[in-house]
Amino acid sequence: MTFCRTLANLLLTGTIALASTAHAAGITLHDARNRDVAVADFARTVSIGGAITEILYALGLESRLVGVDTTSLYPAAALHDKPNVGYMRQISAEGVLGLNPTLILAIQGSGPRETMDLLETAKVPLVLVPETFSEEGLIEKIKLVGHAMGVDARAECLSTAVATDLAQLRALRAKVTKPVRVMFVMSLLNGRAMVAGHKTAADEIIQLAGATNAVEDYDGYKNIGDEAIVAAKPDVVLSIERGKDSLQADAVYAHPGFALTPVAANKSFITMDGLYLLGFGPRTAAAARDLSVKLYPALAEGGAFTSALSAANCRQ
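These remarks concern the structure in this document. As the structure is a computational prediction, the values presented were derived from the model and not from experiment.

Our next topic: the side chain of Glu 204. You can see Glu 204 is positioned in helix 8 (residues 201–208). Within the buried set, Glu 204 has no salt-bridge partner at all; the shortest N-O distance to an opposite charge, 7.1 Å, is to Arg 173. Ignoring any residue separated from it by four or fewer positions in sequence, one finds Glu 204 in contact with Phe 133, Ser 134, Glu 135 and Phe 280.

Structure below.
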């Protein structure tokens, strides 16, 4: 009962706050829920999704942030300086609304759905940012976030820099003559590997790096057995760093399925920072370049990847 009363008060507060600043910005966006969302005030923004937070910092908008989620790992100042509203798929409406936001930017897939529905009921503008794992999707994500915050010129600057880096990546990728087969393994529990199929961030980053996803038969993430691993014939296993829960190379090489593939024979295991590798934020081209050089060391001989992003100043 206490929670309900508190949440009701927060909903009312959010409604009043929005009404008092109505049409201050006068921005309308079409979001991932296929809705038109009117943004009246972006002075107190909550960011749910590491890529969104990274974009906001790259645009110099951190002073408008009043809260971030636990996936907002870059830059490190985000979680250090801002209140934490929890994991993006387990958000509490009370925790978000308690920050008295005037705008909520959430990556598609944030939840649970009940929380998203409650946040909409609060009348605080909730923009669900589309998550499309592609070069075009990344550019559109940057532009939408910038437009929601009323800084279209800065967003154009950032998207141009990212597009330039992606173009450099395409030129690098064109030098690959024999793509290796990469299997992205999220976890290895009870002898079963959870791997990434198509329509995932892992699938797209593998392709951006000039490689082939060894998992060809399905979309999303799925647990597979030893026979499927052997049949996929991966040359490399790719995973992400997860602290003490990180997948270890020795566990992969000793696995009955991987032991019968080139992965174990060649000791081919790569692990990278999760947000950097899979976040599909401004640094994605650099992450794909780093992965590409790990997969094809000879590509490093072609000279340094001169990032337009690092040289750009899109913060003002």
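After presenting the structure, the write-up continues.
Burial along strand 6 (residues 126–129) is two-sided: Leu 126 and Leu 128 facing one way and Val 127 and Val 129 facing the other are all buried. As judged from the four bridges shared by strand 5 (residues 103–107) and strand 6, these two strands associate in the parallel manner. In the strand pairing of strand 6, Ile 104 is matched with Leu 126. In the classification by handedness, the crossover that spans strand 5, the intervening helix 5 (residues 113–121) and the parallel strand 6 is right-handed.

So, about the pattern of salt bridges. Scanning all chains against the criterion turns up 14 salt bridges. For Arg 113, the salt bridge is made with Asp 117, and the minimal N-O distance between the two is 3.1 Å. Residue Arg 113 and its partner Asp 117 are located together in helix 5, separated by four residues, close to a single helical turn. A network of salt bridges, in which partner residues are shared, links Asp 31, Arg 33, Arg 35, Arg 113, Asp 117 and Glu 120.

A separate point is unusual backbone geometry. With an omega of -5°, the peptide bond running from Tyr 74 to Pro 75 counts as cis. Along the chain, Pro 75 falls in the loop between strand 4 (65–68) and helix 3 (77–81). Between Gly 111 and the following residue, Pro 112, the backbone shows a cis peptide bond with an omega angle of 5°. Inspection of the secondary structure puts Pro 112 in the loop between strand 5 and helix 5. Although it is not a glycine, Lys 233 adopts a positive phi angle of roughly 50°. By the element assignment, Lys 233 lies in the loop between helix 9 (226–232) and strand 11 (236–241).

Let's shift gears to helix 8. Here helix 8 lies mainly inside the structure; seven of its eight residues are buried. Just downstream of helix 8, Gly 210 is the residue with a positive phi angle, here 90°.

It is worth spelling out the pairing of strand 11 at this point. Of all the six residues making up strand 11, five are buried; the element is thus mostly covered by neighbouring parts of the structure. With three bridges connecting them, strand 7 (residues 181–189) and strand 11 associate as parallel partners. Paired with Val 182 across the strands is Val 236, a residue of strand 11. Across five bridges, strand 11 lies against strand 12 (residues 269–273) in parallel orientation. By the bridge assignment, Ser 239 is partnered in strand 12 with Thr 271.

So, on to the state of the cysteines. Counted according to the given criterion, the structure contains one disulfide. Paired by a disulfide, Cys 157 and Cys 314 hold their sulfur atoms 2.1 Å apart. With the S-S bond torsion at -70°, the cross-link from Cys 157 to Cys 314 turns out left-handed. Taken together, the positions of Cys 157 in helix 7 (residues 152–173) and Cys 314 in the segment after helix 14 (308–311) put the pair 157 residues apart, joining distant regions of the chain.

Cut-offs used in this document
Within any chain, residue numbers begin from 1 and follow the written order of that chain's sequence. Per-residue local features of the predicted model are confined to residues with pLDDT of at least 70, and side-chain atom pairs are confined, for both listing and counting, to 80 or more; whole-chain, interface and lining totals are unaffected and use all residues. Side-chain descriptors were evaluated using all non-hydrogen atoms of the structure, hydrogens and water having been removed beforehand. Only DSSP runs of H or I reaching four residues or more are called helices, and only runs of E reaching two or more are called strands; each is numbered from the N terminus. Burial here depends on accessible area, computed with a 1.4 Å probe over protein chains only, as a share of the maximum for the residue type. Under 20% is buried, over 50% is exposed, and the range in between is partly exposed. In this tally, Lys and Arg are treated as positive and Asp and Glu as negative; His is ignored, and so are the chain termini. The salt bridge definition used is simple: a Lys or Arg side-chain nitrogen within 4 Å of an Asp or Glu carboxyl oxygen. Residues count as neighbours in contact if any of their non-hydrogen atoms are within 4.5 Å of one another. Being paired, for any two strands, means DSSP has found at least two bridges between them. Note on handedness: a clockwise path from strand one over the helix to strand two, with the strands aimed away from the viewer, defines a right-handed crossover. Any pair of cysteine sulfurs within 2.5 Å is marked as a disulfide.

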